[in-house]
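Architecture at a glance
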Amino acid sequence: MEFQETVMRYVVHKPQQVDWGFEKDTEKGRIKETTPTTTPRRKWKLMYLFNRFSSSPPRNPKSKEPPNEFLCPISGSLMAEPVIVTSGHTLENACVLACKALSFTPTLEEDSSTPDFSAVIPNLALKTAILNWCKFHCVDPPKPIDPINAKNLVRALMEIENKNPDTQIVISEKNLVKGARESPTVNLNDPELTHSCSSSVDSVETAPSTPSLQLVIHPSYNNNNNSSSSSSSDTLNPGFNEEEEEMLVKLKSPQVFDIERAVISLRQITRSTESSRVRLCTPRILSALRSLIMSRYSTIQVNTVAALVNLSLEDVNKVKIVRSGMVPLLIDVLKGGFPEAQEHASGALFSLALDDDNKTAIGVLGALEPLMHMLRSENERTRHDSVIALYHLSLVKSNRVRLVKLGSVPVLLGMVKPGHMAGRIMLVLGNLAWCPDGRAAMLDAGAVECLVKYLGDIQLNSVSSKESCLSVLYGLSQVGLRFRVLAKAVEMEVVLSKMVKEGSKCVREKAMTMLEMMKMTSKEYEEEEEMEEEMADWEDLLELRGHTQRQSE
């Protein structure tokens, strides 16, 4: 305003006194001011400046829209207490608690995925970034959503999904909240919106003349007649797969017989065709299978888990299945499912553990203990898949530590017997032998005596078992003098000498390495031990670096 008044005063009252030009004084060689006459062109420039500043809107630092990463996918507003759930999504804590309280799993708009609320971790880094953004743009920091309002919002979403319209509806959470705020007909405290989520679809009605929420509705390009029988969570998926739609209708049938036929059909389809395993491993199919895994009907549970094993055979599906929340359900099957379902569950965990990105997650979710228990199963296939799953999981240092804390070492050593899947047990013991905690626990449990006795058994004819046993002993030898004392007490040198004479080439090489280590002097052994410790430190550093890179990807 001061600038505008000055310009007006300058134009109206002093039109002849404007100093705009400079000219060079040729006599003195310096520049001096000149007083040019005011021309219409100069007046036009002044008026242009005046109109420009008077018409330009004031800058508003609050007009900038927040990044989508700062908005809750459910509420559509800035997150005050962002949390990370098991599936990797970041949401508002109040919305997560409301969904868990109402047993509701929404379908998010971005990728039509369904979050897994089994574990919740505060996202402090994102919370700090949101507060810094608010401070920089002069925006008030967001306040936590009231639990009652959060539940009412979730109930409104449930009401929309249960209405099951004929057209495909893509719901924008941001527009949903905006419509709820702007529409005068919405009352989130209305008792009709606080009904139980288990009520039927027919009991939830909204007058067509007064829609409860303003939605962004896109017309459906799907003319399938079965679309009206699928739930609205299915219609939120923009992609259309006719085979998937037909399978979903069968899996969600109210008749048990139809569900049994559906899971048997899914198992048969995914058993033979690789493309079908990729095509049918969708979030909606996995969500439908999740509700069937713990069925009390043996046919449904067995074939559901078997179909999940087939889906997990494809590498592109392994991480997707783990993130869908299947691992806790498979663990429950191992603990109390039907025997045949337990066999398939151990096979599914074995298949999922082949992916390096899943190893840590499966161990954290608690699969190690039930897999150890399955080693005593009467079913040979169950025992085989369980021990191989433990082998792949124990390749990760954190899982090796968990196995030691679970007391698995004495159990595994007790299974080291000829003909009792000893070769596979040796694979797990070999991983534990390269862990400091594992070595200490194995020496305390009498591993040296047990392994030397197994190695000297005349009934042991398997070359691979001998190699695995020598590998475990070599890992234990990294402890130092304690191992040498225990080895001499059980006359391990005699057994190794026998292996050098009668064993295969690989067995002879490992036995000779062990004998040379036994003959080393104390000083030489200490120097060797220091070198091994340095190598171990480098291995831990490389493993940590690789794990960090996988997380960043």
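The coordinates are above.
Summary of the structure given here. Keep in mind the model is a prediction, meaning the values are calculated, not measured.

On to helix α22 (residues 436-444). Within α22, burial applies to Gly 438, Arg 439, Met 442 and Leu 443. Each buried residue of α22 lies within a common arc of 130° when the element is viewed along its axis, so the set occupies one face. Across from the buried face of α22, at angles greater than 90 degrees, the exposed residues are Pro 436 and Asp 444. Where α22 is buried, its residues touch α19 (397-405), α20 (408-414), α21 (422-433), α23 (447-455), α24 (463-476) and α25 (481-489).

Before going further, it helps to examine the sheet that holds strand β5 (residues 120-122). Taken in spatial order, the three strands make up an open sheet running β4-β3-β5, and their pairing is antiparallel. Two strands in the sheet have a free side with no partner beyond their single neighbour: β4 (90-92) and β5. Ignoring strand direction, the axes of neighbouring strands in this sheet form an average angle of 40°. Across three bridges, the pairing between strand β3 (residues 82-85) and β5 is antiparallel. By the bridge assignment for β5, Val 83 is matched with Pro 122. Set on the sheet, helix α3 (residues 93-101) makes contact with β3, β4 and β5; between it and β4 the angle comes to about 85°.

Each pair of packed helices can be summarised by the angle the axes make with each other and by the distance between the axes. At a minimum axis separation of 10 Å, α24 and helix α27 (residues 505-518) run at an interaxial angle of 20°. With respect to α27, the axis of α24 lies roughly parallel. Here α24 and α27 pass one another in a crossing that is left-handed. Taking contact as the criterion, the partners of Val 463, Lys 466, Glu 467, Leu 470, Ser 471, Leu 473 and Tyr 474 in α24 are, on α27, Cys 506, Val 507, Lys 510, Ala 511, Thr 513 and Met 514. Its residues placed into classes, the contact of α24 with α27 shows eight nonpolar, two polar and three charged.

Per the stated rule, a full pass over the model turns up seven salt bridges. For Arg 279, the salt bridge identified is with Glu 243, shortest N-O distance 2.6 Å. With Arg 279 in helix α10 (residues 274-279) and Glu 243 in helix α8 (residues 242-251), the pair connects residues that are 36 residues apart, well separated along the chain. Classification of Glu 243 as partly exposed rests on a relative accessible area of 25%. Its salt-bridge partner being Arg 284, residue Glu 244 comes within 3.1 Å of it at the nearest N-O pair. One end of the pair, Glu 244, is in helix α8; the other, Arg 284, is in helix α11 (residues 283-293), and 40 residues separate them in sequence. Counted as one network, the salt bridges with shared partners bring together Glu 244, Glu 245 and Arg 284.

Rules used throughout
Residues numbered from 1 in each chain as written. Predicted model: local features only at pLDDT ≥ 70, side-chain atom pairs only at ≥ 80, totals over all residues. Heavy atoms only, no water. Buried < 20%, exposed > 50% of the residue type's maximum accessible area, 1.4 Å probe, protein only. Helix = DSSP H or I, 4+ residues; strand = E, 2+ residues; numbered from the N terminus. Arc of directions from axis to C-beta. Contact = heavy atoms within 4.5 Å. Pairing = 2+ DSSP bridges. Axes fitted to C-alpha atoms, helices over the stretch in contact; angles between N-to-C directions. Parallel < 35°, antiparallel > 145°, perpendicular 65-115°, else oblique. Left-handed = near helix turned anticlockwise from the far one by under 90°. Nonpolar A, V, L, I, M, F, W, Y, C, P; charged D, E, K, R; others polar. Salt bridge = Lys/Arg side-chain N within 4 Å of Asp/Glu carboxyl O.

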